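# Structural overview for review
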Amino acid sequence: MKNKKMTHSFQRLRRVFLALPLLLASLTVWLPLWWMAMGALTPLDELTATLGPALMGREGYALWPLLPSWPTLSPLVELLLDTPEFFAMFWNTCVLVLPQVLGQLLVGIPAAWALSRLRFRGQGALKTLYLVLMLLPFQVTMVSAYLAADRLGLLDTVWAVILPGIFGAFPVFIMTKGFDVVPAALLEAASLDGAGPLGTLVRIGVPLGMPGVLSAAVLGFLEAWNAIEQPMAFLQTKALWPLSLYLPQIAAQRLGLAMSASLVMLAPAALIFRFGQQYLTLGIQSSGLKE
Amino acid sequence: MSGKSRLFYKPRKAGRTRKSARAAVPWLFCAPSLLGLGIFTLFPFLDAVRRGFTDAMGARFVGLKNFASVLENAAFRLAAANTARFLAVCVPLLLAVSLLMALAVRALAGAARVFETTLLLPMAVPVAGIALLWQALFHKSGVINGALSALGLETVDFMGSGAAFWVLVGTYVWKNVGYNMVLWIAGLDAIPDSLYEAARVDGAGVWRCFWCVTLPGVLPTLFLTAALSLLNACKVFREAYLVGGAYPHDSIYLLQHLFNNWFRELDVGRLCAAAVLLAAALLGVLLPMQKLWGDAE
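As the structure is a prediction and not an experimental result, all values here were calculated from the model.

## Examining the side chain of threonine 118 of chain B
Checked against the element boundaries, threonine 118 of chain B lands in helix H4 (residues 113–120). Those residues in contact with threonine 118 of chain B, other than ones at most four positions away along the chain, are Ser26, Val29 and Trp30 of chain A.

Here it is as structure tokens:
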């Protein structure tokens, strides 16, 4: 009896011991997000007083209270109603991100299907090619992409960001893993029923491989939504810049706006995260799976 | 005769064309993707390799001059050394921290999934928002220094001293720990319970189970996790750039800064040579890793 009680309390101690580091790590996530949300609800004069020392070069030390002393929606309202440049930046981001993600799926799905479910000579070499390309960082391909865009006359247009983004290797890699689960027997049956390769892909492959497709979409969206390097390298006209590039530049002059804008920018990503987390997790898992 | 040929040869001929048509299907499926990769990545990269060996106009062959000029460049040496130091510190640290977190989440089970969600969240937080936050926190007169001075401790110039390096390492771990945790959890889930039971029957304790079952069990996961961590480490430049600008403190002047600055100066010859060197270094590390990872199956 006594022994059982001891094991029980030992169990609880063990759980606390395990949860503590996780809790601390989680605090480093929750606290910044809380600050970000509260920053958008803080009136400008209070923001200037509390964060001014760090962000606007004022005297003293910055302070970030857990709650604003006088919460207000006015910066957010101002941002949404009276700031056309914000809408322009937001629109710019959408123009860069949405065609990129859709294009990735459109181009990537057939390629991933072929790499996963069809058998052909050179398949292994192609798979290795995609893996290698996936692992090369943007800095390696930056100058080549620049030269290509220059030759095609795309520089300083949104296409210089969108087109190379569409033809990435990462979405193909993720979707290949997603299609790997489609049973081969099903494909044989479909082919006996007279379905062509395209019909098989559309009617069987895409529905069954949907989790992989959505994973690629979620990861592709988050990546493109936060992209800094590509627009910075290929877009010189500031009128084309996405939020991610523009936001840090306006912080010093328009702190309230920057706070609200960073919250609004978080919103689509957070929504995608909320509803697509299982696909995000799945996508990450499949990026680590062995062949 | 003609009837015989129709009977025997025509169908075979038709079969052959159908077969070759079928052989073309996978390539047709891959064609849009391969074409785009060719136009925007592969051929331009081959062109970059060629330009690495030619002068600024891309016309005259200059041998290894560009490579020598890159390797002698003080900024390149600083950036390469910093990047190597950064990778050597942050990748193993991230791998260890995320493995420990994954073990803790799995041991707690059930409600602990909320931690998994939480630690994945930084992936979704826009970099620009983080940059703003980091500026407020780590500035010379930022929130953390305010707290330090209120406690009567010495303040630290986080972004203007060697401490910037550790801020960057912290940011990287903060941002990627969820991603790696998911990878580890998948790897840990793949270890059959029977192995643990067998070890326990043999009298192995918690530590022996960890060393003799868990670690060898997640080894196949390790290679790609490490490779992806390396790739994600290249993206930490976003935070570094938004917080520290194009010329941050010397301790976090990374290869990405250098590429970016040379890019703005349009120093194409040197840039191409540096890109080739970086690609060679990365593939030199990653391909043997991939081979090991493939062999571990």
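Next comes the rest of the account.
## Quick word on the layout of surface pockets
In this structure, the largest pocket occupies an estimated 1,100 Å³ of space. What lines the largest pocket is a set of 23 residues, among which Arg14 and Leu18 of chain A together with Leu103, Ala107 and Val206 of chain B lie closest to the centre. Elements supplying a minimum of two residues to the lining of the largest pocket: helix H1 (2–41) of chain A together with helix H3 (74–108), helix H8 (193–201) and helix H9 (206–233) of chain B. Taken together, the residues of the lining of the largest pocket break down into 19 nonpolar, one polar and three charged.

## Some remarks on the domain arrangement of chain B
All names here are of chain B. When its domains are assigned, chain B resolves into domain 1 (1–52) and domain 2 (75–295). Each of domain 1 and domain 2 was reduced to a C-alpha centroid, and the two centroids are 42 Å apart. The partner domain 2 presents six residues to the five residues of domain 1 that form the contact. Buried area between domain 1 and domain 2, summed over both chains or domains, comes out near 400 Å², and the portion from carbon and sulfur atoms is 84%.

## Remarks on the interface of chain A and chain B
With 96 residues of chain A at the contact, the number on the chain B side is 87 residues. Together chain A and chain B conceal approximately 8,400 Å² of surface at their shared face, both sides included; 79% is due to carbon and sulfur atoms. Our count for the contact surface shared by chain A and chain B stands at four salt bridges. For arginine 151 of chain A, the salt bridge is made with aspartate 47 of chain B, and the minimal N-O distance between the two is 3.2 Å. For the pair chain A and chain B, the number of links is 10 residue pairs in polar contact (both at pLDDT 80 or more).

## So, the nonpolar core
One finds Leu280 of chain A together with Phe86, Trp134 and Tyr172 of chain B to be the most contacted residues of the largest nonpolar core, which totals 196 residues. Counting residues per element, this core draws most heavily on helix H7 (residues 163–189) of chain B, at 17 residues.

Calculation criteria
For every chain, the first residue of its written sequence is number 1, and the numbers climb from 1 along that sequence. Each chain gets a letter, beginning with A, and each ligand a number, beginning with 1, in the order they are written. Per-residue local features are limited, in this predicted model, to residues with pLDDT of at least 70; the limit for side-chain atom pairs, both in listing and counting, is 80 or more; totals at the level of whole chains, interfaces and linings are taken over all residues. The basis for every side-chain value is the complete set of heavy atoms in the structure, and neither hydrogens nor water enter the calculation. Helix numbering and strand numbering both begin at the N terminus, where a helix is a DSSP run of H or I of at least 4 residues and a strand a DSSP run of E of at least 2. Every residue pair with non-hydrogen atoms within 4.5 Å of one another is taken to be in contact. Here a cavity denotes grid points, spaced 1 Å and computed from the protein atoms alone, that fit a 1.4 Å probe unable to get out, and a pocket denotes an open set having protein on both sides within 12 Å along at least 5 of 7 lines; residues with an atom within 4 Å of a point are the lining. Grid points are joined across faces, edges and corners, and a volume is the space filled by probe spheres set on the points. Gly counts as polar in this scheme, as do all residues outside two lists: the nonpolar Ala, Val, Leu, Ile, Met, Phe, Trp, Tyr, Cys and Pro, and the charged Asp, Glu, Lys and Arg. Where each domain begins and ends is defined by an automated method or by a domain database. Buried area, as used here, totals the accessible surface that two parts lose on assembly, with accessibility defined by a 1.4 Å probe and the loss added over both. For this analysis, a salt bridge means a side-chain nitrogen from Lys or Arg found within 4 Å of a carboxyl oxygen belonging to Asp or Glu. By the criterion applied in these results, polar contacts are pairs of N or O atoms within 3.5 Å in which, for protein atoms, one can donate a hydrogen and the other can accept it, and in which residues neighboring in sequence qualify only through two side-chain atoms. To qualify as a nonpolar core, a set must consist of buried Ala, Val, Leu, Ile, Met, Phe, Trp, Tyr and Cys residues joined through side-chain atoms within 4.5 Å. Only protein chains enter the accessibility calculation, which uses a 1.4 Å probe; a residue is then buried when its area is under 20% of its type maximum, exposed when over 50%, and partly exposed in between.

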